[in-house]
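One letter stands for each residue in the lines below.
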Amino acid sequence: MIDEVPLVIRVVDSHTEGEPTRVIVDGWPEVEGRTMEERREYMRQQHDHLRRAVVCEPRGHSAIVGALLTPPVNAGSLCGIVFFNNGTYLGMCGHGLIGVVRTLEHLGRLRPGVVRFDTPAGVVSAELNGDGSVTIDNVPSRCHALDVAVDVPEFGTVTGDVGYGGNWFFITHLDVSLEMSNVNALTRLTQSIQDAIDAARVAGGAPIDHIELSGPPTRDDADARNFVLCSGGEYDRSPCGTGTSATMAVLHARGRLAAGEEWRQESITGSRFVGWLTEGANGELLPHIRGTAYVTGEATLRFDPDDPFRLGIEGA
């Protein structure tokens, strides 16, 4: 409830290939629910003020992705995770999972090896590698639809593919400059595409809430460069783990990426994920992503009852 605001919440901050993650390690009230989907919905209904307070200004900023650790719901899982950002809650988060693993290592709660986690999108696993990188095994990804057209005001018809990788993506190739100097224009363009998709309910009304622009890489050890607009309206500084998973499923559907073949995804900031697909026992596509995270700080967030912005600044 809105009056359930702790005085302090402890967090550990990290970034994964440039994209920040804030892991809540203590102080958040108990989250109810038998499944991770129920827990996510409970947070949406009962704790949304805490989401804003933890990741939005004045304590955070619009690019931060929060990760709340909960008890596991499945035998063999280390814990549950609900990911959220400045605007909403996520099914899964690839860069965030890598950040969680490095945070747990930093706290002495995890050693090298494979561990499982429960998320609203399903059970995922991660391995802390000897070189400090993390390999995640994501939920199955799939191509939902190819060559989907949407009319975007002031831009025209945009054609892209719809894929799922723990979140839903519209992936398109446009003749635009994917450079950091062009971030503001890219954000406006992708938000316009998102607004047009929301209005038109394309691809059978698939719940698309991420837009990915794909283009040629700028580094020799990458296959493509992307710009990803996330569900909260902020761009991803990393190559986007769930986006890379969806991209690989689309490429596989087009016959451009075989199972076991590496896909090297560069981000708008120049960082990189390495991904590949394997086939599950029932023929599903299982995406694997490798990247590196770095712990950037530990903090105790304070919530003074007299602070007019203790629950964050709306829209910031």
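Let me begin by describing the structure that accompanies this report. (Residues numbered from 1 in each chain as written. Predicted model: local features only at pLDDT ≥ 70, side-chain atom pairs only at ≥ 80, totals over all residues. Heavy atoms only, no water.)

**A look at the overall build of the protein**
- Within the protein, the secondary structure is distributed over 5 helices and 16 strands.
- Computed over C-alpha atoms, the radius of gyration of the protein comes to 19 Å, within 12% of the 20 Å expected from 2.2 N^0.38 for 316 residues, which places it in the range of a compact globule.
- Once the C-alpha set of the protein is aligned to its principal axes, its extents read approximately 50 × 45 × 35 Å.
- Across the 316 residues that make up the protein, the buried fraction comes to 55%.
- Restricting to contacts in the protein with at least 6 residues of sequence separation, those with at least 24 account for 62%. (Helix = DSSP H or I, 4+ residues; strand = E, 2+ residues; numbered from the N terminus. Rg over C-alpha atoms; globule rule 2.2 N^0.38 Å. Buried < 20%, exposed > 50% of the residue type's maximum accessible area, 1.4 Å probe, protein only. Contact = heavy atoms within 4.5 Å.)

**Considering the side chain of Glu 17**
- Structurally, Glu 17 is set in the loop between strand 1 (8–16) and strand 2 (19–26).
- Despite its burial, Glu 17 pairs with no opposite charge; the closest candidate is Arg 219, at 6.4 Å N-O.
- Within polar-contact distance, the side chain of Glu 17 engages the backbone nitrogen of Thr 292 at 2.9 Å.
- With near-sequence residues (within four places) excluded, Glu 17 lies in contact with Arg 237, Ser 238, Pro 239, Thr 269, Ser 271, Arg 272, Phe 273, Gly 291 and Thr 292. (Lys, Arg positive; Asp, Glu negative; His and termini not counted. Salt bridge = Lys/Arg side-chain N within 4 Å of Asp/Glu carboxyl O. Polar contact = N/O pair within 3.5 Å; in protein donor to acceptor, adjacent residues only side chain to side chain.)

**Observations concerning the packing of aromatic side chains**
- Evaluation of the coordinates by the stated rule reveals 4 aromatic pairs.
- Judged by centre distance (5.3 Å) and plane angle (55°), the ring pair of Tyr 164 and Trp 168 falls under tilted.
- On the basis of relative accessibility, which here comes to 13%, the residue Tyr 164 falls in the buried class.
- Grouped by ring-pair contacts, the aromatic residues Trp 28, Phe 84 and Tyr 89 constitute a single cluster. (Phe/Tyr/Trp six-rings, centres within 6.5 Å; stacked < 30°, edge-to-face > 60°.)

**Details of unusual backbone geometry**
- In this structure, the amide linkage connecting Glu 57 to the following residue, Pro 58, adopts the cis form with an omega of 10°.
- The residue Asp 147 is not glycine, and still its phi comes out positive at about 55°.
- Tracing the backbone through its elements, the reader meets Asp 147 in strand 8 (residues 142–152).
- Overall, Asp 147 belongs to the exposed group, its relative accessible area being 53%.
- Of note, the phi angle at Cys 240 is positive, near 75°, even though the residue is not glycine.
- Its place among the elements puts Cys 240 in the loop between strand 12 (224–229) and helix 5 (241–253).

**Details of the environment of Glu 212**
- Examined against the element boundaries, Glu 212 turns out to sit in strand 11 (residues 210–215).
- On the accessibility criterion, Glu 212 (0% relative accessible area) is buried.
- Between the alpha carbons of Glu 212 and Tyr 294 there is a distance of 25 Å; along the sequence they are 82 residues apart.
- With sequence-adjacent residues up to four places away left out, Glu 212 is seen in contact with Phe 169, Phe 170, Ile 171, Thr 172, Asn 226, Phe 227, Val 228, Gly 243, Thr 247 and Gln 265.
- A polar contact is formed between the side chain of Glu 212 and the side chain of Asn 226, at a distance of 3.3 Å.

**A word on helix 3 (residues 94–106)**
- Taking 1.5 Å of rise per residue, the 13 residues of helix 3 would be expected to cover 18 Å, and the 19 Å separating its terminal C-alpha atoms lies within 8% of that figure.
- Most of helix 3 sits out of view: 11 of its 13 residues are buried.
- Those residues of helix 3 that sit buried are Gly 94, His 95, Gly 96, Leu 97, Ile 98, Gly 99, Val 100, Val 101, Arg 102, Thr 103 and Leu 104.
- Positioned one or two residues after helix 3, Gly 108 has a phi angle of 80°, which is positive. (Expected span 1.5 Å × (residues − 1).)

**Things to note about the nonpolar core**
- Ranked by size, the top nonpolar core spans 62 residues in total, and within it Phe 83, Leu 97, Phe 117, Val 162, Phe 170, Ile 193 and Ile 208 carry the most contacts.
- It is helix 4 (residues 183–200) that provides the largest number of residues to this core, a total of 6 residues.
- Ile 24, Val 54, Val 55 and Ile 64 belong to the second largest nonpolar core, which has 21 residues in total. (Core = buried A, V, L, I, M, F, W, Y, C linked by side-chain atoms within 4.5 Å.)

**Description of the pattern of salt bridges**
- As enumerated under the stated definition, the model contains 14 salt bridges in all.
- The partner of Arg 22 in a salt bridge is Asp 13, and the shortest N-O contact between them spans 2.9 Å. The residues Arg 22 and Asp 13 share a single accessibility class, namely buried.
- Across the salt bridge formed by Asp 48 and Arg 51, the nearest N and O atoms sit 2.7 Å from each other. With Asp 48 and Arg 51 both in helix 2 (residues 48–55) and 3 residues apart, this pair spans about one turn of that helix.
- Looking at Arg 51, the relative accessible area reads 5%, which means it is buried.
- Salt bridges here are not isolated pairs; linked through shared partners, they connect Asp 48, Arg 51 and Arg 52.

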